[in-house]
Amino acid sequence: ETARERLTAAGRRSLRRLDFGSAAGFLERAGDLVPPGGLDLALEVDLLDALDGDRKGGDALERTRSIVSRAAAAGDGIGELCGRILEGAHRIDLEPIDATAELETLIREALPAFEAAGDALALRIAYRARGVVANMRAQMDQMAVAYEQAAAHAAPAGGTAPFTLPLIARIR
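Residues numbered from 1 in each chain as written. Predicted model: local features only at pLDDT ≥ 70, side-chain atom pairs only at ≥ 80, totals over all residues. Heavy atoms only, no water.

## Structural notes on the nonpolar core
Put simply, the rule reads: What makes a nonpolar core is a set of buried Ala, Val, Leu, Ile, Met, Phe, Trp, Tyr and Cys residues whose side-chain atoms join them at distances within 4.5 Å. Here the term buried applies to any residue with accessible area under 20% of the maximum for its type, exposed to any over 50%, and partly exposed to those in between, with areas from a 1.4 Å probe on protein chains only. For the purposes of this entry, the term helix denotes a DSSP run of H or I that reaches at least four residues, the term strand denotes a run of E that reaches at least two, and both are numbered from the N terminus. Contact definition: two residues touch when any of their heavy atoms are within 4.5 Å.
Ranked by internal contacts, the top residues of the largest apolar core, which has 38 residues, are Leu-41, Ile-85, Leu-86, Leu-103, Ile-107, Phe-114 and Ile-125. Among the secondary structure elements, those contributing two or more residues to this core are helix H1 (3-16), helix H2 (20-32), helix H3 (41-53), helix H4 (57-73), helix H5 (77-91), helix H6 (96-117) and helix H7 (120-136). The residues contacting Ile-85, other than those within four sequence positions of it, are Leu-103, Leu-106, Ile-107, Ala-110, Phe-114, Ile-125, Ala-126 and Ala-129.

## Re the pattern of salt bridges
The condition that has to hold: Here a salt bridge means any side-chain nitrogen of Lys or Arg lying within 4 Å of a carboxyl oxygen belonging to Asp or Glu.
Tallied over the full model, the rule gives 11 salt bridges. For Arg-137, the salt bridge identified is with Glu-104, shortest N-O distance 2.7 Å. One end of the pair, Arg-137, is in the loop between H7 and helix H8 (140-152); the other, Glu-104, is in helix H6, and 33 residues separate them in sequence. For Glu-104, a relative accessible area of 31% puts it in the partly exposed group.

## Comments concerning unusual backbone geometry
Here the phi dihedral of Arg-55 falls at roughly 60°; this positive angle occurs in a residue that is not glycine. With respect to the element layout, Arg-55 can be found in the loop between H3 and H4. Using a relative accessible area of 79% as the deciding quantity, one classes Arg-55 as exposed. The residue Ala-138 is not glycine, and still its phi comes out positive at about 55°. Structurally, Ala-138 is set in the loop between H7 and H8.

## Focus on H8
As a reminder, the rule being used: The span you would expect from a helix comes to 1.5 Å times its residue count less one. Working definition: the arc comes from the directions between the helix axis and the C-beta atoms, pointing outward to the latter.
An ideal rise of 1.5 Å per residue puts 18 Å on 13 residues; H8 measures up with 18 Å between its terminal C-alpha atoms. For H8, the set of buried residues is Met-143, Ala-144, Ala-146, Tyr-147 and Ala-150. In a view along the axis of H8, the buried residues occupy a sector of 165°, so they form one face of it. Looking at H8, the residues exposed on the side facing more than 90 degrees away from the buried face are Asp-141 and Ala-152.

Any functional reading would require information beyond the geometric quantities listed.
Right, dumping it as structure tokens:
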């Protein structure tokens, strides 16, 4: 087991305990150990959740932009689309109207590629973002469906399922 694996596991344990500050610290250190030019998208998604939970939305937005650039540099089209979706979901806090419409279009365009690739993590990211869009539009039924779809892809995707998805899906 490598140091990166141990740090990732510790970060995910902290995230499951909702100890966002510790989770962010462990996951940031694990991210620093990803080889240059590499991208561990599952780790990045968990780190974004930790940063959001620790009220560091600005850091999370910057991290999403880094995901986009690293995936593009590596020629990882699925990773780049995921990064753009993650960035759009984080931009909603800053530009709710424009970002919501742009994110919805991006998700609609990306889902067929994610489904064709059979990429569970990408599907989880897209459906979770679809839930964010529905929430912004006060479409609670669609939000619950989207979060249920995201949760269905959580186990195959690896990483830590966002802690709110099962709660929101059960409310329905």
